[in-house]
Amino acid sequence: MRKLLSLALVAVLALSVLALPASANEKVNFSVFQLKVEIDPMIQAFGKLYNEKHPDVNVTVETLGGGADYGGALKAKLTADQMPTIFMIEGQGGYDLWKDFIADMSDADWVKDTDLAFYDPDGKAVGFPIAMEGFGLGYNAEILEKAGVDPATLTTFSATKAAIEKIAGMKEELGLDAVVSVGTSVAGGLWWVTSQHVFNAFYAGYQDYNDSSVYDALRRGEVDQERMTAFANYLKLLYDNADPNVLENGNYDAQVAAFASGKAAFITQGNWIDPNLAQLEATFPMGYISHNFLEEESTGLYMAAPSWFVVNKQASPEQQKAAIDFLNYMALSEDGANYMVAEAGMVPAFKSVKLQPEGPFSKALVEASARGGNFNWYFGQNPDGFNQGTLGPIFELLATGTVEDFVADVTAAFQEIANK
Amino acid sequence: MKRRGWIDALFIFPCAFAFIMVIIVPFGLGIYYAMTDWNGVNPIVNWVGLSNFQGMFSEPQFIYSFLITLMYTAINVVFVNIVGFGLALLVTGKLRLRNIYRAGFFVPNLIGGIVLGYIWQFIFNNVQVDMGNALGIAFLQKSLISRPDTVIWAMSVVNTWQYAGYIMMIYVASIQSIPGSVMEAASVDGANFFQRVRRILIPMMASAFTITLFLTLTNSFKQFDLNFTLTNGGPAMRFMAKPIRSSQLLAMDIYRTANQQNLMAQAQAKAVIFFIVLVIFSLTQVYLNKRKELEA
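Residues numbered from 1 in each chain as written. Chains lettered and ligands numbered in written order. Predicted model: local features only at pLDDT ≥ 70, side-chain atom pairs only at ≥ 80, totals over all residues.

This part covers the nonpolar core. In terms of nonpolar packing, the biggest core is built from 158 residues, with A:Val179, A:Val180, A:Ala264, A:Ala265, A:Trp308 and A:Leu327 touching the most fellow members. The biggest single contributor to this core is helix α8 (residues 191-204) of chain A, with 8 residues. Taken domain by domain, the makeup of this core includes at least three residues from each of domain 1 (24-133 + 305-369) and domain 2 (137-300 + 382-418) of chain A. Residues contacting A:Ala264, with those up to four places away along its chain left out, are A:Leu176, A:Asp177, A:Ala178, A:Val179, A:Val180, A:Ser181, A:Ala258 and A:Phe259. Counting residues in hydrophobic clusters, the runner-up holds 21 residues, among them B:Val77, B:Val91, B:Phe105 and B:Ile175. (Core = buried A, V, L, I, M, F, W, Y, C linked by C-beta atoms within 7 Å. Buried ≥ 20, exposed ≤ 12 C-beta atoms within 10 Å, placed from the backbone. Helix = DSSP H or I, 4+ residues; strand = E, 2+ residues; numbered from the N terminus. Domains from an automatic or database assignment. Contact = placed C-beta atoms within 7 Å.)

The next point concerns the confidence of the model for chain B. Per-residue confidence for chain B averages 90 on the pLDDT scale, and 98% of its residues sit at or above 70. Here the complex is predicted with pTM 0.82, and the ipTM for its interfaces comes to 0.82. (pLDDT = per-residue confidence, 0-100.)

A word on the sheet that holds strand β7 (residues 137-140) of chain A. Residue and element names in this part refer to chain A. Pairing is mixed across the open sheet formed by 4 strands, whose spatial order is β8-β9-β7-β10. Across the chains shown, the open sheet's two edge strands, defined by having one partner strand only, are β8 (180-181) and β10 (286-289). Along the sheet, helix α16 (residues 360-371) makes contact with β7 and β10, crossing β10 at roughly 45°. (Pairing = 2+ DSSP bridges. Axes fitted to C-alpha atoms, helices over the stretch in contact; angles between N-to-C directions.)

Right, let's get into the pairing of strand β2 (residues 57-63) of chain A. Residues and elements named next belong to chain A. In this sheet, β2 lies alongside strand β1 (residues 28-34) in parallel orientation, the contact comprising 7 bridges. When the bridges of β2 are listed, Asn29 appears paired with Asn58. Traced from β1 through helix α2 (residues 40-53) to β2, the parallel crossover comes out right-handed. (Right-handed = clockwise from strand over helix to strand, strands pointing away.)

A few words on the interface of chain B and chain A. Where interface size is quoted, it is often the accessible area lost as the parts come together. Residue-level contacts link 20 residues of chain B with 17 residues of chain A. Contributions of two or more residues to the side of chain B that touches chain A are made by α5 (113-135), β1 (236-239) and β2 (242-245) of chain B. In terms of residue count, β2(B) provides more of the side of chain B that touches chain A than any other element does, 3 residues in total. Of the residues assigned to the side of chain B that touches chain A, the class counts are 7 nonpolar, 10 polar and 3 charged. (Nonpolar A, V, L, I, M, F, W, Y, C, P; charged D, E, K, R; others polar.)

Residue and element names in this part refer to chain A. Split into domains, chain A comes out as domain 1 (24-133 + 305-369) and domain 2 (137-300 + 382-418). Centre-to-centre separation of domain 1 and domain 2, based on C-alpha positions: 31 Å. Every contact between the two is made by 10 residues of domain 1 and, on the other side, 10 residues of domain 2. At 6 residues, α16 tops the list of elements feeding residues into the side of domain 1 that touches domain 2. In the side of domain 1 that touches domain 2, the residues fall into 6 nonpolar, 3 polar and 1 charged.

Here's what the structure looks like:
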């Protein structure tokens, strides 16, 4: 029995070895290596469909298992001489590391259909945005209506402040634990909510999408004290109206659950919580307002691509061309739109895609994207470990500390990295 | 029979080879990298001498981590050994079901540090806070691991819960190896329980104390998994006018420097200091304990 089994295995192996070169002669083989586990079955199916419709090429998609070290796995593939044709980067850090392997795609058709491509320092489009993600201050429309607050009027700091204070006064009758569901603790693993995402409002808010002047000044160590104080007051307002248990030691589940169960009217999270909300059966209408820390009117949300597909410059020219064709097909065809939106539930980064995602916050992002006036992400450009190691404790201390200390600490932190 | 050097060498070779490859070479490389500007990826490595060592002692987080690790170690050595010794006395006494207790006290040690951290995080953040609210005790209404002044103590409680059973086993083995006649003779002579423990048991267990103190000292000093899952270094506090993390022990500080800031060389320099301090402490401890053993 065992002998038979091993014989059969050997036969299968031998056959597969024989089978490979036979097809390689006529087809261009290329590979995709990606790390979003949640979209693995969908992108596999899309690859299969692509192969059926394009008999002259053969794409293989590989996904790295949950929570694994993608950068490490990619380095291992490089060492094993199995560098994929298409791989992912997650921002400037990834680009700097892999720039010798990243091809220029400026002439590809998909570039004209998106605002979210990754550009190298010379202004060449090199990264294909996998999806769009975004955040603002999420609200529960049902609670706001009961409290007599119209979210459309919440466009300035004073309006937002008045609304939060009004709801805070009605906590009992609305059945709320707290007005805002926000977490900032290092222990609970929510430091990124405030020190990356909410703080991004300071970097990008009230500016054109591609205007990075505030962030650039910050990185030179020039901290606009007035703007920083206004931001700190806004953040303190959110903190003061949060459930201290969620704020100071809650985790992601606790933060999302408080909002999903109607125990909080606002939440500081992005559209990635849609699947969690569906699981928690939160069916109430919801939407986003901006992080309003100034008196200037604003409805913009903070949206960008969190990761990009790049094409391996060291692959053969045929493979590179096939890879770019594949990305064009993903962005511009109906099959691609169906995969990105209907199947994978992502917010498409391409303007020509007409399908709408199902999730309520994702829908809100699509609407905001059509409306325009949105803001970019800059937190990914901070030095490695700065957001978590330096800003994390500063943002956590504001929960029990003062606005003055916060402004001084943030100023000192940016001056320190500017001097290096 | 004539001994042949090369045959001896051949027998030692597998062991020596493994030891050199996994201990000696990485150790040497580690010391080398501590004096460079290596970031973990870049193949170009420059020699920077001792500047990595100078930088770390002006870094508030590192100084604090250093102090808090010493404090955590001191608390743990006392807690774990007192509790472990107490339990050992309990389960070697005339207690019904003592074998079940023995197994029961040991079980926490079988749970991995990662799981343990998450379980206790839930206990502190939810159970303890709910209990505080229900009973109206202000001290318990805020999670002990979200207060900079209590977090180290809370971690020590968890570590003691996990580790005391293991230390208990060593004490139990040692107590059982003491001839019953000695204890009996003492009680016939009129020594009460405490006198017997103080005058006979403890001196005769001197070699066990050498082991347990060494284990608790090094274990606490190198603590990482529990630290990582239970508090992740938090909560934040202010030290030398800078916001830092109040429960970030040395091992975790090194880990963060290496993996989040990608400052591999600085982390390596910290690891060298970490090693030297640990060696000094544990050798001193073993030396003192050995002297006690000889006296006894």
